[in-house]
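# Tertiary structure, described
Letter by letter, the chains look like this.
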Amino acid sequence: MTDHSRPLLLVLNAGSSSIKFSLYDAADSGAGNSCLGHGSLEAHADTERLIFRAADGAQQSAAWPRTEGTADTGTLLNLMEWIDHHAQGRLCAAAHRVVHGGDRTLTGARVNSTLMRELQALVPMAPLHQPLCLAPIDYLAREHGGLAQFACFDTAFHHSLDPLEISFGLPRAMTEQGLRRYGFHGLSYEYIAGVLPQYDPRAANGRTIVAHLGNGASLCAMHNRVSRATTMGFSTLDGLLMGTRPGRLDPGVLLYLMRERGMSAEALEDLLYHRCGLLGVSGGIASDMRELADSTAPAAAQAIALFVRSVVREIGAMAAVLGGLDALVFTGGIGENSAPVRNAILDGCAWLGLQHSSAPDTSQGTCLSLPGSKVSAWTIATDENAVIARHALALLHDSA
Ligand code: ADP
């Protein structure tokens, strides 16, 4: 039986082939106990499937014939109808993960037409991801005008980077025009920074590297839970090897491909976002770490080894910026779940004074380092939607 009196907040995280969402009790002013459950809406060959797992563990599912456009009309129409019929309450607000917030220093903002114009203007900086984030905001503004909407930016956590971390070595005028490092995965880093004191007070007040290792992957070097360096840069391409992105790459390769192979900007974009990384290095076996780990092909093992090497190399760079290291935290799908990959990375960090146990324990909040290790190591599950909800609920209640 649906309780229509309870006000609900919908948190949306729109990706290229799925929408992840969470529902929160909007009467809660952001204390953090208000999550009613998490769901996803995935496009398959000819159907769209919704799965929702309520906070009490109960699972619901639904399916519709596939409609065109992932984060647009059909999909969101289905989601909104499902919420209307099945959610325990009445939607009053929606909050969105937005990949690029430009120079914005605050994580959350209420959506209005001025903000939307600013976020649209950032599309050329994140041409594949930003439109996916903005489409649901546009749709809900058009079709559900009464909803309060909020945007939370993946860049904002890195507003504390200093000029030495922001600049690429381009002419000053270009840096001032915005051709600089922004950094991403900020909502995940903000979550980890928020819970770190519960796990490791020394690290929370000291120097910590957080490794967000999923399909997209990056590192954040924090001092006192504030971002001091990060591996992603102007775009989400830089830094670590990822599922389908190369990470750090000599720009001379791009010049060569343009000049000698006649590759267009579109062809390069397709190569760099979709055909490199674990997928490319493995010779097309998989972009997914689990599938690579299951493969016996040498190229799969080489792809995993290159991933590990890229993480170890960049941990060295991040530790240098911090002037030492007190803790390393793993999060994201690979960081939370793959003990072999974590152990290989931890082995590569022995020179920093990190001694770890090899126990394949993957329960969350596990300490991976041995007692007496100079550097502690942890696996902590991230929750970006909780950060989005906290900001949105605070803004909602502020304006009430
Ligand atoms: P996204 O960046 O899309 O949010 P996730 O954080 O969900 O990605 O991470 C997806 C990655 O995590 C995939 O490479 C997947 O194979 C990997 N992964 C998830 N579970 C496991 C596991 N048990 N062992 C190894 N890798 C895993």
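Structure: see above.
This one's a predicted model, so the numbers in the text were calculated from it and none came from an experiment.

Take the sheet that holds strand 4 (residues 47–54) next. Taken together, the eight strands give an open sheet; going across it, the order is 5-4-3-2-1-6-8-7, and neighbouring strands pair in mixed fashion. Both edges of this open sheet fall to strand 5 (59–65) and strand 7 (108–110), since each of them pairs with a single strand only. Averaged over neighbouring strand pairs, the angle between their axes works out to 20° when direction is ignored. As defined by bridge partners, strand 1 (residues 7–14) adjoins strand 6 (residues 90–98) across six bridges and the pair is classed as parallel. Its bridge partner lying in strand 6, Leu9 is registered against Ala93. Across the face of the sheet, helix 2 (residues 113–121) comes into contact with strand 6, strand 7 and strand 8 (148–153) while running at roughly 35° to strand 8.

Looking now at the side chain of Ser40. Looking at the element boundaries, Ser40 is found in strand 3 (residues 35–43). Given the relative accessible area of 18%, Ser40 is considered buried. In contact with Ser40, not counting residues within four places along its chain, are Ile19, Lys20, Phe21, Arg49, Leu50 and Ile51.

Residues in close proximity to the ligand include Lys20, Gly214, Asn215, Gly216, Asp288, Met289, Arg290, Gly332, Gly333, Ile334, Asn337 and Ser338, which together make up its full environment. Between an oxygen atom of the ligand and a side-chain N or O atom of Asn215, the distance comes to 2.9 Å. Note that an oxygen atom of the ligand is positioned 3.3 Å from one of the backbone N or O atoms of Ile334. Here the shell around the ligand gets four residues from one element, more than from any other, and that element is helix 13 (residues 332–337). Split into classes, the residues belonging to the shell around the ligand amount to two nonpolar, seven polar and three charged.

For helix 6 (residues 186–199), spanning 14 residues, the distance from its first C-alpha to its last is 20 Å, which sits close to the expected 20 Å at 1.5 Å a residue. Three or more residues of helix 6 are buried, namely Gly186, Leu187, Ser188, Tyr189, Glu190, Ile192, Ala193, Val195 and Leu196.

Here we come to the pattern of salt bridges. Pairing between side chains becomes possible if they bear opposite charge and their charged atoms approach one another. Taken as a whole, this structure holds 11 salt bridges when the rule is applied. Here Asp154 makes a salt bridge to Arg97, at a shortest N to O gap of 2.6 Å. Of this pair, Asp154 sits in the loop between strand 8 and helix 4 (163–166) while Arg97 is found in strand 6, placing the two residues 57 residues apart along the sequence. Each member of the pair, Asp154 together with Arg97, is buried.

Sheet analysis places strand 10 (residues 217–223) next to strand 11 (residues 226–230), joined by four bridges and oriented antiparallel. Residue Cys220 lies in a different strand from strand 11, and its bridge partner there is Thr230. Between strand 10 and the antiparallel strand that follows it, strand 11, lie two residues; Asn224 among them carries a positive phi value of about 55°.

Scoring rules and cut-offs
Residues numbered from 1 in each chain as written. Predicted model: local features only at pLDDT ≥ 70, side-chain atom pairs only at ≥ 80, totals over all residues. Heavy atoms only, no water. Pairing = 2+ DSSP bridges. Helix = DSSP H or I, 4+ residues; strand = E, 2+ residues; numbered from the N terminus. Axes fitted to C-alpha atoms, helices over the stretch in contact; angles between N-to-C directions. Contact = heavy atoms within 4.5 Å. Buried < 20%, exposed > 50% of the residue type's maximum accessible area, 1.4 Å probe, protein only. Near = heavy atom within 4 Å. Polar contact = N/O pair within 3.5 Å; in protein donor to acceptor, adjacent residues only side chain to side chain. Nonpolar A, V, L, I, M, F, W, Y, C, P; charged D, E, K, R; others polar. Expected span 1.5 Å × (residues − 1). Salt bridge = Lys/Arg side-chain N within 4 Å of Asp/Glu carboxyl O.

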